[in-house]
Amino acid sequence: VESEQTPSALGLGVFVSSRGASVAGGFLVQVLPGATEEALVRLEENVRALPDPTELLMSGVTADDIVDVVLSGLGSQQRQTSGPEFFCKCTAQRVRQAIAMLDVTEIEDMDNKGEELEIHCHFCGQRYTMGPQEIAEVLAERRRSNTAGLKFKHQ
């Protein structure tokens, strides 16, 4: 087993006031394979020259400003930015597929009850319902797929 020794620099800062954390951020820089010794020395100098990360954040600098300082003299290129976006992949079709993957006896139990089934996505909170007819359809599809996969050996 070999250790992955990747030259890295990490700076984190949080400013906490009586109202809670008002500013938090930081940077992580890892050197790519093939970096020259000169680039490593320059990067180290740039990181050492930075003020305390909390001071940086309190002064109002942006993430791009920090990147520009950390990569100064190293050929920093234009960057793309994107904000965090909440996204859940759940859909009624995916819920139906999840139900279809259950053991056939479990689907039969649901079908025999003849009740509406409510499914709740724990990630996004979306609620899905499957009526008795849809549960019966899933059961029928599952039974067909089970028998379609059987192979009989003729003697």
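Residues numbered from 1 in each chain as written. Predicted model: local features only at pLDDT ≥ 70, side-chain atom pairs only at ≥ 80, totals over all residues. Heavy atoms only, no water.

## Notes on the side chain of Asn46
(1) Moving on: Relative to the assigned elements, Asn46 resides in helix 1 (residues 37-49).
(2) Moving on: Owing to a relative accessible area of 9%, Asn46 belongs among the buried residues under this scheme.
(3) Moving on: Look past the residues within four positions of Asn46 in its chain and what remains in contact with it is Val69, Val70, Leu71, Ser72 and Leu74. (Helix = DSSP H or I, 4+ residues; strand = E, 2+ residues; numbered from the N terminus. Buried < 20%, exposed > 50% of the residue type's maximum accessible area, 1.4 Å probe, protein only. Contact = heavy atoms within 4.5 Å.)

## What about the environment of Glu4?
(1) Moving on: Inspection of the secondary structure assignment puts Glu4 in the segment before strand 1 (8-17).
(2) Moving on: Between the alpha carbons of Glu4 and Arg142 there is a distance of 47 Å; along the sequence they are 138 residues apart.

## Considerations on the layout of surface pockets
Any empty space left between atoms is shown by rolling a water-sized probe over those atoms.
(1) Moving on: Here the largest pocket is characterised by a volume of approximately 460 Å³.
(2) Moving on: Lining the largest pocket are 26 residues, and of these Val29, Gln30, Leu43, Val70 and Leu71 sit closest to its centre.
(3) Moving on: Mapped by element, the contributors of at least two residues to the lining of the largest pocket are strand 2 (20-30), helix 1 and helix 3 (63-70).
(4) Moving on: Per element, the largest residue contribution to the lining of the largest pocket is 6 residues, and it comes from strand 2.
(5) Moving on: The computed volume of the second largest pocket comes to approximately 180 Å³.
(6) Moving on: Around the second largest pocket, the lining residues are Pro7, Ser8, Ala9, Val29, Val31, Leu40, Leu43, Glu44, Val47 and Arg48.
(7) Moving on: If one sorts the elements of the lining of the second largest pocket by residue count, helix 1 sits on top with 5 residues.
(8) Moving on: Residues of the lining of the second largest pocket, tallied by class, amount to 7 nonpolar, 1 polar and 2 charged. (1 Å grid on protein atoms, 1.4 Å probe; cavity = no way out; pocket = protein on both sides within 12 Å on 5 of 7 lines; lining within 4 Å. Points joined across faces, edges and corners; volume = space filled by probe spheres on them. Nonpolar A, V, L, I, M, F, W, Y, C, P; charged D, E, K, R; others polar.)

## Observations concerning the pattern of salt bridges
(1) Moving on: Per the counting criterion, the structure on display carries 6 salt bridges.
(2) Moving on: A salt bridge links Glu134 to Arg96, with the shortest nitrogen-to-oxygen separation between them at 3.1 Å. Pair noted here: Glu134 is in helix 6 (residues 132-148) and Arg96 is in helix 4 (residues 92-100), with a separation of 38 residues, a long-range link.
(3) Moving on: Close ionic contact of Glu108 with Arg143 constitutes a salt bridge, the shortest N to O distance being 2.8 Å. (Salt bridge = Lys/Arg side-chain N within 4 Å of Asp/Glu carboxyl O.)

## Structural notes on the nonpolar core
(1) Moving on: Val95, Ile99, Val104, Ile107, Met110, Ile119, Tyr128, Met130, Ile135, Val138 and Leu139 together form the largest nonpolar core, which totals 11 residues.
(2) Moving on: Residues in contact with Val138, not counting those within four places in the same chain, are Arg96, Ile99, Ala100, Ile107 and Met130.
(3) Moving on: Core analysis: the next-biggest nonpolar cluster, separate from the first, contains 10 residues, Val29, Leu43, Val47 and Leu56 among them. (Core = buried A, V, L, I, M, F, W, Y, C linked by side-chain atoms within 4.5 Å.)

Spatial relationships are all this shows, so hold off on functional conclusions.
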